[in-house]
Amino acid sequence: MGFFLDGKQNYVLFHFYLKNKLSKYSTRIKVDRSEWDLKTQRPKARRGEVGAQNRKITHELNEYQRIYDDLKSFYKESFTKEIVKKKFDEHFRLKPASPQKTYSYYFEIYIQQIKDSQSVQKDSWQKYTRIHTAILELERKNNITYYLSDFNSAFFNELISYFRNEKDISDNTLRRKLGFFKTFLNWCIKNGYPVNAAFKDAKIKPRETSHIALSENDLEILENLDLDETKSYYRDLFLIGIYSGQRFSDYKRFDKKFIDGNSIVIRAKKTGQFSYIPLNNKLKRLLDKYNWLLHTISAQKFNDHIHEICKLAGFTEIVVRERFYGNKKVTEEIPRYKLISSHTARRTFITLSEQRGVSHSLIMKVTGIKSLKTLENYIKIDKDRLSEAILKAWN
């Protein structure tokens, strides 16, 4: 005797034996399989809205158990499965239907599944929770509770406007955020939850980015810059990123245990993809200088140091940065050093490697990039080389 999920629709079935023969009664209570505890035969104990819903279901299942025990005690030898069905129907079918579950209920299950599966790093699933936070802010602003069926075209128009106008989020970042939310909604569809299909039509046009890469001359200036001990360390850490072509989350993890012959072989923290990084002389010299023991620091603090160092390096010329908010274009004049960040190291490696004649396929092996389209987004045009080539062809 006990409660089990059926194999198709995740309804809770009450199993009971009469005269050594198994009978089943469907409670019509639906529980996400990830929320079911096989040991207790009840929903898992959770916090928040999911936890409240799980406790409510547990209480109702306990009521099934109590009614069954009372019936069995009353009818004794005359007890039959027909009696069970009739009495259960009478007792439970008169109850009002369970209230519709909110959007937040499903989102909490989704995030819990991601955490439990350990399929992504914390900084990745936090990107989902940030857009969830924005939707909760809209709920408070509009004094409304969202359900999956509410995510129609009007909702997405409001959400996009909210991000652009209230959060000052430009189109490329907004496009990524919508991508995370669509991943959640596709998960809902996969699990049979009712979703408004309008989300498939919510799209943001991609815009060419104004990210930069350092030139050969920039790199030489940075390598030879005279700095104090603290700034010298962060300059060297940035150079390690340039010489290796890795993301900051990976090159700050470099360790001798990753050495394989004359290369570093490391699995990317973000994608799980392997990178095969030749230990060139400059890279090895810097890693040996610090005995391969690199101090950890947040990306934001590291970027602050990079800005200061690149300002000292003289990368102060004014450049124009364009950002798009739908049809609105915002142009900003900004010193170049403010556009240089930890990720510029990876972009610089890719750009300079391509300029030095390294094939795209080899660059992809080193960086762990799987798509040629993704690689091409990293490569920045050397305007001097472009001008020289065209002038030579046409003059």
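The structure displayed is predicted, hence computed values, not measured ones.

1. Digging into the overall build of the protein chain
Line of reasoning, step 1. From N to C terminus, the protein chain includes 15 helices and 10 strands.
Line of reasoning, step 2. Here the C-alpha radius of gyration of the protein chain, 29 Å, is well above what a compact globule of 395 residues would show, namely 21 Å.
Line of reasoning, step 3. Among the 395 residues that make up the protein chain, the fraction classed as buried is 43%.
Line of reasoning, step 4. Total accessible area on the protein chain is roughly 23200 Å²; 49% of this is exposed by carbon and sulfur atoms.
Line of reasoning, step 5. Across the protein chain, the 73 positively charged side chains and the 48 negatively charged ones have centroids separated by 6 Å.

2. Considerations on unusual backbone geometry
Line of reasoning, step 1. A positive phi angle, near 55°, is found at Lys19, a position not held by glycine.
Line of reasoning, step 2. Looking at the element boundaries, Lys19 is found in the loop between β2 (11-18) and β3 (21-30).
Line of reasoning, step 3. A residue is classified by how much of its surface remains accessible, and Lys19, at 77% relative accessible area, is exposed.
Line of reasoning, step 4. Positive phi, close to 50°, is recorded for Lys76, a residue that is not glycine.
Line of reasoning, step 5. In this structure Lys76 comes out as exposed when scored by relative accessible area, which is 60%.

3. What about the nonpolar core?
Line of reasoning, step 1. Counting 50 residues, the largest nonpolar core has Phe238, Tyr251, Phe254, Ile264, Leu283, Leu287 and Phe302 as its most contacted members.
Line of reasoning, step 2. Per-element accounting of this core gives the leading share, eight residues, to helix α8 (residues 229-244).
Line of reasoning, step 3. If we skip the residues at most four places from it in the chain, Tyr251 touches Leu237, Phe238, Ile240, Gly241, Ser244, Gln246, Leu294, Phe302, Ser342 and Ala345.
Line of reasoning, step 4. One finds Phe156, Ile160, Tyr193 and Ala202 within the second-largest nonpolar core, a separate group that totals 36 residues.

4. Regarding the environment of Lys205
Line of reasoning, step 1. Looking at where Lys205 falls in the secondary structure, it is placed in the loop between α6 (171-190) and α7 (216-223).
Line of reasoning, step 2. C-alpha separation for the pair Lys205 and Asn172, spaced 33 residues apart in sequence, amounts to 7.9 Å.
Line of reasoning, step 3. Those residues in contact with Lys205 that lie beyond four places of it in its chain are Asp171 and Arg175.

Conventions used here
- Residues numbered from 1 in each chain as written.
- Predicted model: local features only at pLDDT ≥ 70, side-chain atom pairs only at ≥ 80, totals over all residues.
- Heavy atoms only, no water.
- Helix = DSSP H or I, 4+ residues; strand = E, 2+ residues; numbered from the N terminus.
- Rg over C-alpha atoms; globule rule 2.2 N^0.38 Å.
- Buried < 20%, exposed > 50% of the residue type's maximum accessible area, 1.4 Å probe, protein only.
- Areas by Shrake-Rupley, 256 points an atom, 1.4 Å probe, with all protein chains shown as cover.
- Lys, Arg positive; Asp, Glu negative; His and termini not counted.
- Charge placed at Lys NZ, Arg CZ, Asp CG, Glu CD.
- Core = buried A, V, L, I, M, F, W, Y, C linked by side-chain atoms within 4.5 Å.
- Contact = heavy atoms within 4.5 Å.

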